[in-house]
Amino acid sequence: MRHLLFIFLLGISSIAAGQTYSLTGNIFSKSGDPMVYSTVVLLNPVDSTMEFFAITGQQGHFEIKNVKSGDYLLQSAFLGYQTYYRNVTIPYEGNNIGTIIMEESPVGLDEVDVYGEHVPIFINRDTIEFNADAFKTRPGDVAEDLLKKLPGIEVDRAGNIKAMGEDVQRLYVDGKEFFGNDPKVATKNVPADALKKVQVYDRKSDEAEFTG
């Protein structure tokens, strides 16, 4: 049995309604390897908040579905690689943007901090990380309001949280467990603007890890 954990690290404008479109493409490294689990995001070019997103599959292919017409900033990101940007207008001719080539970062991510760049989602093995600054919240919103805006996260009326279809069992703030096994205590009280990042970590239960 596995438990999903939330880790809080403290520290969309509408487009014209109507017909929707898809945008497809492929992401590869310079060596020709498919970039599996790269995030591909369509950002609002005005404030860099996320509008639509997709994740590449085993062949490096992605498809962003149900995109509304308009101008976007396409962003592709992968841990250890330089973030790729490109202006696109939807509908895009042929609905296929072609192949994106990602280049490795000249320095490790632990060696430099990039300011002014909002990468909404990073996927690193069993962890999904959301950048809170890339999602719009209102003054007075709490963590629960932010979670409702994150793709793949569901919050019901009672405040129960599901991530990728599984119940969230525990919540940590800056690496320390917060109020035992009731994540709602934090999500209904921690201000949304106090959050820097939200991580979803998928791991086995304590018993399963102990017994193997």
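Residues numbered from 1 in each chain as written. Predicted model: local features only at pLDDT ≥ 70, side-chain atom pairs only at ≥ 80, totals over all residues. Heavy atoms only, no water.

A. Region of interest: the packing of aromatic side chains. Here the structure, examined in full by the defined rule, presents three aromatic pairs. With centroids separated by 5.9 Å and ring planes inclined at 75°, the aromatic side chains of Phe52 and Tyr72 adopt a geometry described as edge-to-face. On the criterion of sequence distance, the pair formed by Phe52 in strand β4 (residues 50-55) and Tyr72 in strand β6 (residues 70-77) is long-range, its members being 20 residues apart. With a centroid separation of 5.6 Å and an interplanar angle of 75°, the aromatic rings of Phe78 and Tyr81 are classed as edge-to-face. (Phe/Tyr/Trp six-rings, centres within 6.5 Å; stacked < 30°, edge-to-face > 60°. Helix = DSSP H or I, 4+ residues; strand = E, 2+ residues; numbered from the N terminus.)

B. Fine view of the sheet that holds β6. Pairing is antiparallel across the open sheet formed by four strands, whose spatial order is β4-β3-β6-β7. What marks the edges here is a single partner per strand, and that holds for β4 and β7 (84-90). Taken over all neighbouring pairs, the strand axes of this sheet differ in orientation by 25° on average, direction set aside. Of the strand pairs in this sheet, strand β3 (residues 39-43) and β4 are connected by five bridges, and their pairing is antiparallel. Note on β4: the bridge partner recorded for Leu42 is Phe52. (Pairing = 2+ DSSP bridges. Axes fitted to C-alpha atoms, helices over the stretch in contact; angles between N-to-C directions.)

C. Geometry of the side chain of Ser29. For Ser29, the location among the structural elements is in strand β2 (residues 20-29). When its relative accessible area of 6% is taken as the criterion, Ser29 is described as buried. Reaching out from Ser29, the side chain makes a polar contact with the side chain of Ser31 at a distance of 2.9 Å. Excluding its chain neighbours within four sequence positions, the residues that come into contact with Ser29 are Met35, Tyr81, Ile101 and Met102. (Buried < 20%, exposed > 50% of the residue type's maximum accessible area, 1.4 Å probe, protein only. Polar contact = N/O pair within 3.5 Å; in protein donor to acceptor, adjacent residues only side chain to side chain. Contact = heavy atoms within 4.5 Å.)

D. Quick look at the sheet that holds β2. Read across the sheet, three strands follow the order β5-β2-β8 without closing on themselves; strand pairing throughout is mixed. A strand with exactly one partner marks an edge of an open sheet, and here the two such strands are β5 (61-68) and β8 (96-102). The average angle at which neighbouring strand axes cross in this sheet is 25°, direction not considered. Bridge analysis of β2 against β5 gives six bridges, and the strand direction is antiparallel.

E. Structural detail: unusual backbone geometry. Following Ile90, the chain continues to Pro91 via a peptide bond in cis, the omega torsion being 5°. With respect to the helices and strands, the residue Pro91 is situated in the loop between β7 and β8. The phi dihedral of Asn66 is positive, around 55°, even though this residue is not glycine. Structurally, the position occupied by Asn66 is in strand β5. Residue class for Asn66 comes out exposed when judged on its relative accessible area of 54%. Of note in the backbone geometry, Asn95 takes a positive phi value of approximately 60° without being a glycine. By the secondary structure assignment, Asn95 is in the loop between β7 and β8.

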